[in-house]
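Single-letter residue listing:
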Amino acid sequence: MTADVNKETLGFQTEAKQLLHLMIHSLYSNKEIFLRELISNASDAIDKLRFAALADETLLEGQGDYEIRVELDEESNTLTLSDNGIGMTRDEVIDNLGTIAKSGTASFLESLTGDEQKDSQLIGQFGVGFYSAFIVADRVDVHTRKAGDGPQEGVFWESRGEAEFSVEAKPKETRGTSITLHLKKDCEEFAGDWRVRSVIKKYSDHISVPVKMLAPEPPASDDEKAPEAAPAEFETVNSATALWTRSRSEVSEDEYKEFYKHVSHDFEDPLVWSHNRVEGKLEYTSLLYVPAKAPFDLWNREMARGLKLYVQRTFIMDEAEQFLPLYLRFVKGVVDSNDLSLNVSREILQKDPAVDSMRSALTKRVLDMLEKMARDSDSENYANFWKHFGAVLKEGPAEDMGNKEKIAKLLRFSTTQSDQEDESESLEAYVSRMQENQDKIYYVVAENFNTAKNSPHLEVFRQKGIEVLLLSDRVDDWLMNNLQEFDGKSFQDVARGALELDSDEDKAVREEMEKASEALVERLSAVLKNDVSEVRTTTRLTESVACLVVGDHDMGAQMRRILEAAGQDVPQSKPILEINPTHTLAKRLDREADEDRFADLAHIVLDQATLAEGGQLHDPAAFVSRLNTLLVELGTD
Ligand code: ADP
């Protein structure tokens, strides 16, 4: 801090410093977006004042015409953007412009690669904002005053976008914020009238506040005695109507895309959108977007989510979460209601039945929009959506029982028919390929795709040509428990309970096999009685000697591992060991007369079955030592 009590020089927060650096370097190829970001902030500031003035009109200081002005000075190479919005106090200036409040910023920064190309994509997901000013300016001045404060309360902030910024008191007559960019030498174009107008038209046409610039001067007249030129006037450069109030046919695709960037702070185009006006018992307009990429904080519990809420065109709040369920938290957009009161609060939103109806209608809209995308012949979009948001959508059936069937249609899975881990099969496609007498949808759950794909449980399904869903997402076990059925067919975990795949012929073979293996099963049960609940023979294996099966009502292996990893007490239930008596190793076991060696072999078979499904051994050292003993014996044979 300097000696002057008035003027402080402060350092940017570490994260802010990193972000500034990154922004300047990675967005250089798309510099003009700084204007969109600053106009977006100015428009937000005006929205906030408009809302605050509903409760306290004196904040307007008798001036209720909102506007944003952009003034250029080619001589000094500056661009100044002023708004008469809410403004900032000294503390707010320090907080808002010196730090980054978004939760998860530190981990976002850690995810950066140092590769500018890739990082510029990431920064888009993070959302740029005020700091984008430093892409084009080597010095930025902010002069601001909070609406309602006296002119003496004005604050002046200044920074060169390096390590520091300074703040000092500086009186300001009018409320709001004025930002002056001292443009870099190679960014002179942004002091030029034509260039700036075209950028505003391109990016900020839909902003509901007028964005004004000085009208071009009329061409100089030769007539020396011409009357003194009238003072230059400001004229509105953008359309200045809220985009969602226009009818669909009047809004171009580009305008929809730019508006998305304004509401979402996203840098990329959205995947799809849906714009609707509802009239009837409830009246509202909604404009909902599905982003192309997951935001950096999709899995952060505090991530910003929800829609921008307007009531009769007046901005009420950001992040109104009540209009969509949690599993659609990636949706961005606007809802403008004619029924809610202007002084509606978050608490009221939670209880208002009108909000409930809107929520179910909007949820349906989003699901319909996704369904349409999935149906479109160009399904690349949906595959892209699924890659980014599939895991979130999988939370749906548990949260929203009413739409379970609709959500189930949107789910995508890998199956035994996929070569790679591409989740691209719908349940409808699976059902259409089901065998004639197949009445269940089979699935296997494992830690990862390869473990699932190579699970011994699949052997008999391969043999019989029955398709199985391969699940390896953390939420999958839970998803299946909630789904229960699709199209009248129940889901069956292939590692759970007894299999009922057998034809009459198979049954006869099995009964015979069971009889022949009675002695072996009995011996195994005795040796493994502490580790398994039961030993039984199986026909589900063709290549492996054994596998583990979970009881019908016990917790699945994947769910158990997740809960245990989260430090929870999980009720202990022992698995069932199923063995394949036709396997050479089973026959070898059956012949083994030495009880100690039989016990060692039996434990190895059990441990191998555990490993094959990606489980952890209770006593890995014992496994290694048993295996080594056997290997040594092999060598000395
Ligand atoms: P974001 O807009 O995503 O919050 P920014 O970095 O663009 O992030 O801005 C940080 C904060 O600074 C804003 O949230 C807002 O509180 C404040 N701010 C920025 N521009 C203005 C402005 N023109 N008037 C008032 N406050 C502003």
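Residues numbered from 1 in each chain as written. Predicted model: local features only at pLDDT ≥ 70, side-chain atom pairs only at ≥ 80, totals over all residues. Heavy atoms only, no water.

**Observations concerning the sheet that holds strand 21 (residues 546–549)**
Strands in a sheet are paired, the pairing made by backbone hydrogen bonds, and the direction either parallel or antiparallel.
Inference 1: The strand order 20-22-21 describes an open sheet built from three strands, whose pairing is mixed. Both outer strands of the open sheet, strand 20 (534–537) and strand 21, are each paired with one neighbouring strand and no more. Put simply, the sheet's adjacent strands are angled 25° from each other on average, direction ignored.
Inference 2: Its contacts with the sheet place helix 22 (residues 595–612) against strand 21 and strand 22 (576–579), and it is angled at close to 65° to strand 21. (Pairing = 2+ DSSP bridges. Helix = DSSP H or I, 4+ residues; strand = E, 2+ residues; numbered from the N terminus. Axes fitted to C-alpha atoms, helices over the stretch in contact; angles between N-to-C directions. Contact = heavy atoms within 4.5 Å.)

**Some details on the side chain of Asn 238**
Inference 1: Mapping Asn 238 onto the fold places it in the loop between strand 9 (234–236) and helix 8 (253–264).
Inference 2: For Asn 238, the side chain forms a polar contact with the main-chain oxygen of Ile 207, separated by 3.2 Å.
Inference 3: Polar side-chain contacts of Asn 238 include one of 3.0 Å to the backbone oxygen of Val 209.
Inference 4: Setting aside anything within four residues of it in sequence, one finds Asn 238 in contact with Ser 204, Asp 205, Ile 207, Val 209, Pro 210 and Val 211. (Polar contact = N/O pair within 3.5 Å; in protein donor to acceptor, adjacent residues only side chain to side chain.)

**Describing the pattern of salt bridges**
Inference 1: What the rule picks out here adds up to 47 salt bridges.
Inference 2: Of the charged contacts in the structure, one is a salt bridge between Arg 145 and Glu 61, with a shortest N-O distance of 3.0 Å. In this pair, Arg 145 is assigned in strand 4 (residues 137–145) and Glu 61 in the loop between helix 2 (33–55) and strand 2 (68–73), connecting sequence segments 84 residues apart.
Inference 3: Its relative accessible area of 1% is what places Arg 145 among the buried residues.
Inference 4: Bridged by salt links that share partners, the residues Arg 36, Glu 37, Glu 253, Lys 257, Glu 258, Lys 261 and Asp 269 form one connected network. (Salt bridge = Lys/Arg side-chain N within 4 Å of Asp/Glu carboxyl O. Buried < 20%, exposed > 50% of the residue type's maximum accessible area, 1.4 Å probe, protein only.)

**So, the environment of Arg 365**
Inference 1: Residue placement: Arg 365 occurs in helix 10 (residues 353–375).
Inference 2: Measuring from C-alpha to C-alpha, the distance between Arg 365 and Ser 533 comes to 49 Å, with 168 residues separating the pair along the chain.
Inference 3: Those residues within four positions of Arg 365 in sequence are excluded, and the remaining contacts are Ser 274, Asn 276, Val 278, Ser 286 and Leu 288.

**Thoughts on the sheet that holds strand 2**
Inference 1: Within the open sheet, the nine strands sit side by side as 1-6-5-4-7-3-2-8-9. Their pairing is mixed. If you trace the sheet from one side to the other, it starts and ends with strand 1 (8–11) and strand 9, each paired once. Sheet twist, expressed as the average angle between the axes of neighbouring strands with direction ignored, equals 20°.
Inference 2: Where strand 5 (residues 155–159) lies against strand 6 (residues 164–169), five bridges are found, and the strand directions are antiparallel. Paired with Trp 157 across the bridge in strand 6 is Val 167.
Inference 3: The strands touched by helix 2 within the sheet are strand 2, strand 3 (78–83), strand 7 (176–183) and strand 8 (211–214), with strand 3 carrying the most contacts at an inclination of about 20°.
Inference 4: On the sheet, helix 3 (residues 90–98) packs against strand 1, strand 4, strand 5 and strand 6 and is oriented at approximately 165° with respect to strand 6.

**A word on the packing of helix 10 against helix 11 (residues 380–393)**
Inference 1: The contact between helix 10 and helix 11 brings their axes to 9 Å, and the two run at 140°. Relative to helix 11, helix 10 is oriented oblique. Relative to helix 11, helix 10 is oriented so that their crossing is left-handed. Residues Leu 370, Met 373 and Ala 374 of helix 10 touch helix 11, and the partners they reach there are Asn 381, Tyr 382, Phe 385 and Leu 393.
Inference 2: In terms of residue class, the contact of helix 10 with helix 11 is made up of six nonpolar, one polar and no charged. (Parallel < 35°, antiparallel > 145°, perpendicular 65-115°, else oblique. Left-handed = near helix turned anticlockwise from the far one by under 90°. Nonpolar A, V, L, I, M, F, W, Y, C, P; charged D, E, K, R; others polar.)

**Quick notes on a negative patch on the surface**
Inference 1: Together, Asp 73, Glu 74, Glu 75, Asp 186 and Glu 188 make up a negatively charged patch on the protein surface.
Inference 2: Positionally, Asp 73 belongs in strand 2.
Inference 3: Classification of Asp 73 by relative accessible area gives partly exposed; the value is 32%. (Patch = residues over 30% accessible without salt bridge, like charges linked within 9 Å, V, L, I, M, F, W, Y side chains within 5 Å. Areas by Shrake-Rupley, 256 points an atom, 1.4 Å probe, with all protein chains shown as cover. Lys, Arg positive; Asp, Glu negative; His and termini not counted. Charge placed at Lys NZ, Arg CZ, Asp CG, Glu CD.)

**Structural notes on the domain arrangement of the protein**
A common measure of how large an interface is: the accessible area buried when the components associate.
Inference 1: As far as domains go, the protein holds domain 1 (8–218 + 231–236), domain 2 (245–382), domain 3 (411–493) and domain 4 (504–636).
Inference 2: Put simply, the middle of domain 2 and the middle of domain 3, counted by C-alpha atoms, are 33 Å apart. (Domains from an automatic or database assignment.)

**Some details on the site of the ligand**
Inference 1: Near the ligand you find Asn 41, Ala 42, Ala 45, Lys 48, Asp 83, Met 88, Asn 96, Leu 97, Gly 129, Phe 130, Thr 177 and His 265, and these make up its full shell.
Inference 2: One nitrogen or oxygen atom from the side chain of Asn 41 is found 2.8 Å from an oxygen atom belonging to the ligand.
Inference 3: Take Asn 96: an N or O atom from its side chain is 3.2 Å from an oxygen atom of the ligand.
Inference 4: Look at the ligand: alone it shows 530 Å² of surface, and the protein chains cover 79% of it.
Inference 5: Elements represented by at least two residues in the shell around the ligand include exactly helix 2 and helix 3.
Inference 6: Among the elements that take part in the shell around the ligand, helix 2 stands out by supplying four residues, more than any other. (Near = heavy atom within 4 Å.)

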